[in-house]
Amino acid sequence: MKFTPKELIALGIFTAVYTVIYMAFNMLGAVAPILQLVGATLATLLNGITFMLFLTRVRHAGLITLMALLLGILVTIAGHHPISIVTALVAGIAADVIASRGGYRATVPTVVAYGVFNLWVAGGYLPLLFMRDSVLSEYRRQMGDQWADAFNALFSPAVIIVLIIGTVVVGMIGGWIGRRALSKHFERAGLA
Amino acid sequence: MFDVRSLVFTVVTLDALVLAALPRRIDLLALAVLMLLLLAYRLWRQLLALVALAVVLLGAAWLLRLGSGPVVGALGIAVLYLWRYSLAGAFGWFLITRVRPTEFMAAMTRMRIPQFLAVPIAVVLRFVPTVLTEGRAIIDAMRMRGLLGGPLSVLRHPIRTAEYLVIPMLAGAVRAGDELTASALCRGFGSPGRRTTIVQLHFGVADVALMLVTVAVAAYGFGVGLR
């Protein structure tokens, strides 16, 4: 893979901003699980701006994949299931392919790409679908019966699937917000 | 003091152990290791802050365990979670502030990590603290102009408030990125040929000791976890 130095530095900078926004809003989840949903949604919407601004710097295939990979590694260090790295790679490659259809500039492909890109977090949910029993017994041991039962009721498999689809939809809304912000703020200032 | 490679190994391993589903004793061991590291680097104020944090949070958790009932139980779990994430965050803060990006790059060059991974990682590590200070400055500026009300108005217009914060942050990031690119290009980044480094890395006795301690803590964690 060959990238220009400018692209690699842009990748690092936008990944840093993405991470700070993502972590800042997801910290709401430490208070209550339901706030985590609100925080994650807000972070997804706002990071649409980050992602779209990042794409204005992209000229080669593979950079979106690398961003997803970096994010996957980061959340794995922060305690997610290691499968996050794999889902991040898959989501990143898919987003890369979609965005490259429009040369990383066209509106519709980039918006869809951001929706798909957001599936990089799905690694956090997938164990709940395929390894549900072991995850639940783990929570039972760690957090107690009450918490585990509440968790089981709140995050049923159907809810998880809705969550995953919702992630893509919220992502596309975020992507659209990002495109709007791009033309409203950054192109006018000559930054895009 | 310590080599980058042993520090990264220790911090990543202990972070993962603290946050993973292992019995709680592991956090005390990790806390001890972090205190020793802070001692070795003579960071007295940070050491004091860490001890205070540990006493307050673990003390609160211990007090809550004496009580009973669902509300108290949930609160106790929340405090323990907060403690784990604070400890992991303290490790991360230590690594990011104590290790210079040039040392990171030197270590990654030595380990033959390809540039398309090494450069973004180095930039992320260099840039996260900058984004945080910038964010604080933007919040202050917005408050001074009366654009950022109290918590109530933040709750009423979450998107608008966040936009006020995110857009200036990104604009600043774009500018900083252009400067960083120019600076990197001036230093010959992107030129053909093998990269060499000025920074000398020493892997000494202290590093071996640190890694042995980390491995011992990890082995203890998994030994307990298996039973």
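Scoring rules and cut-offs
Residues numbered from 1 in each chain as written. Chains lettered and ligands numbered in written order. Predicted model: local features only at pLDDT ≥ 70, side-chain atom pairs only at ≥ 80, totals over all residues. Heavy atoms only, no water. Helix = DSSP H or I, 4+ residues; strand = E, 2+ residues; numbered from the N terminus. Buried < 20%, exposed > 50% of the residue type's maximum accessible area, 1.4 Å probe, protein only. Contact = heavy atoms within 4.5 Å. Core = buried A, V, L, I, M, F, W, Y, C linked by side-chain atoms within 4.5 Å. Buried area = accessible area lost by both parts, 1.4 Å probe. Salt bridge = Lys/Arg side-chain N within 4 Å of Asp/Glu carboxyl O. Polar contact = N/O pair within 3.5 Å; in protein donor to acceptor, adjacent residues only side chain to side chain. UniProt positions renumbered as here; feature names shortened; annotations may be inferred. pLDDT = per-residue confidence, 0-100. Phe/Tyr/Trp six-rings, centres within 6.5 Å; stacked < 30°, edge-to-face > 60°. Patch = residues over 30% accessible without salt bridge, like charges linked within 9 Å, V, L, I, M, F, W, Y side chains within 5 Å. Areas by Shrake-Rupley, 256 points an atom, 1.4 Å probe, with all protein chains shown as cover. Axes fitted to C-alpha atoms, helices over the stretch in contact; angles between N-to-C directions. Parallel < 35°, antiparallel > 145°, perpendicular 65-115°, else oblique. Left-handed = near helix turned anticlockwise from the far one by under 90°. Nonpolar A, V, L, I, M, F, W, Y, C, P; charged D, E, K, R; others polar.

In the nomenclature of an unreviewed UniProt entry, chain A is known as Energy-coupling factor transport system substrate-specific component of Helcobacillus massiliensis.

A. Spatial organisation of the overall build of chain B. A count of helices and strands for chain B gives nine helices and zero strands. Ordered by position in the sequence, the α and β elements of chain B form the string α-α-α-α-α-α-α-α-α. Along the first, second and third principal axes, the C-alpha set of chain B runs to 65 × 55 × 35 Å. Counting all 227 residues of chain B, 37% fall into the buried class.

B. The arrangement of unusual backbone geometry in detail. Positive phi, close to 65°, is recorded for A:Tyr104, a residue that is not glycine. One can find A:Tyr104 in the loop between α4 (83-101) and α5 (107-117). Of note in the backbone geometry, B:Arg112 takes a positive phi value of approximately 55° without being a glycine.

C. Focus on the side chain of B:Glu103. Residues and elements named next belong to chain B. Locating Glu-103 in the fold gives a position in helix α5 (residues 101-110). Look at Glu-103 and you get buried, because its relative accessible area is 17%. Those residues within four positions of Glu-103 in sequence are excluded, and the remaining contacts are Val-4, Val-199 and Leu-201.

D. Focus on the nonpolar core. Ranked by internal contacts, the top residues of the largest apolar core, which has 105 residues, are A:Met67, A:Phe117, A:Trp120, A:Phe186, B:Leu7 and B:Leu87. Residue contributions to this core peak at 12 residues, all from helix α1 (residues 5-26) of chain A. Once residues within four sequence positions are removed from consideration, B:Leu87 is found in contact with B:Val18, B:Asp27, B:Ala30, B:Leu31, B:Leu34 and B:Leu50. A:Leu136, A:Phe151, A:Phe155 and A:Ile160 belong to the second largest nonpolar core, which has eight residues in total.

E. Region of interest: the interface of chain A and chain B. Opposite the 41 residues of chain A that make contact, chain B presents 44 residues. Together, the buried faces of chain A and chain B total about 3,600 Å²; carbon and sulfur atoms form 82% of this surface. Here chain A is connected to chain B by one salt bridge. For A:Lys6, the salt bridge goes to B:Asp178, with nearest N and O atoms at 3.7 Å. Counting across the interface, chain A meets chain B through zero residue pairs in polar contact (both at pLDDT 80 or more). Secondary-structure elements contributing two or more residues to the side of chain A that touches chain B are α1, α2 (33-55), α3 (63-77), α7 (132-143), α8 (145-154) and α9 (157-186) of chain A. The element contributing the most residues to the side of chain A that touches chain B is α1(A), with 14 residues.

F. Layout of the environment of A:Ser156. Relative to the elements of secondary structure, A:Ser156 occurs in the loop between α8 and α9. In sequence terms A:Ser156 and A:Arg132 are 24 residues apart; their C-alpha atoms lie 9.6 Å from each other.

G. Main features of the UniProt feature "transmembrane region" (unreviewed entry) in chain A. In the numbering adopted here, UniProt assigns the feature "transmembrane region" (unreviewed entry) to residues 7-25, 31-54, 61-79, 111-130 and 150-178 of chain A. Helix makes up 60% of residues 111-130 of chain A and strand 0%, and the two end C-alpha atoms of the span are 30 Å apart.

H. Seen up close, the environment of A:Val90. All names here are of chain A. Mapped onto the elements, Val-90 comes out in helix α4. Judged by its relative accessible area of 54%, Val-90 falls in the exposed class. As a C-alpha pair, Val-90 and Leu-119 span 29 residues in sequence and 8.7 Å in three-dimensional space.

I. Spatial organisation of the confidence of the model for chain A. Per-chain confidence: chain A averages 85 in pLDDT, with 92% of residues scoring 70 or above. Ranking the elements of chain A by mean pLDDT puts α7(A) last with 72 and α5(A) first with 94.

J. Just the pattern of salt bridges, in detail. Residues and elements named next belong to chain B. What the rule picks out here adds up to three salt bridges over all chains. Taking the shortest distance from any N to any O, the salt bridge between Arg-100 and Glu-103 comes out at 3.0 Å. According to the relative accessible area criterion, Arg-100 is partly exposed, its value standing at 49%.

K. Local environment of the packing of aromatic side chains. Residues and elements named next belong to chain A. Applying the stated criterion across every chain, the model contains 10 aromatic pairs over all chains. With a centroid separation of 5.9 Å and an interplanar angle of 55°, the aromatic rings of Phe-14 and Phe-54 are classed as tilted. One end of the pair, Phe-14, is in helix α1; the other, Phe-54, is in helix α2, and 40 residues separate them in sequence. Taken together, the ring pairs connect Tyr-18, Tyr-22, Phe-51, Tyr-114, Phe-117 and Trp-120 into an aromatic cluster.

L. Main features of a nonpolar patch on the surface. Residues and elements named next belong to chain A. A grouping of Ile-161, Ile-165, Val-169 and Ile-173 is seen on the molecular surface, where their side chains present a nonpolar patch of about 350 Å² in accessible area. Its location among the elements puts Ile-161 in helix α9. For Ile-161, a relative accessible area of 44% gives the class partly exposed.

M. Up close: the packing of α1(A) against helix α8 (residues 158-186) of chain B. Packing of α1(A) against α8(B) brings their axes to within 9 Å, and their N-to-C directions diverge by 150°. The pairing of α1(A) with α8(B) is recorded here as roughly antiparallel in orientation. Here the hand of the crossing between α1(A) and α8(B) comes out right-handed. Among the residues forming the contact of α1(A) with α8(B), the class breakdown is 18 nonpolar, two polar and two charged.

N. Broad picture of the environment of A:Leu128. All names here are of chain A. Following the sequence through the fold, Leu-128 ends up in helix α6 (residues 126-130). With 27 residues separating them in the primary sequence, Leu-128 and Phe-155 have C-alpha atoms 8.3 Å apart. Apart from residues no more than four positions distant in its own chain, Leu-128 is found in contact with Val-135, Phe-151 and Ile-160.

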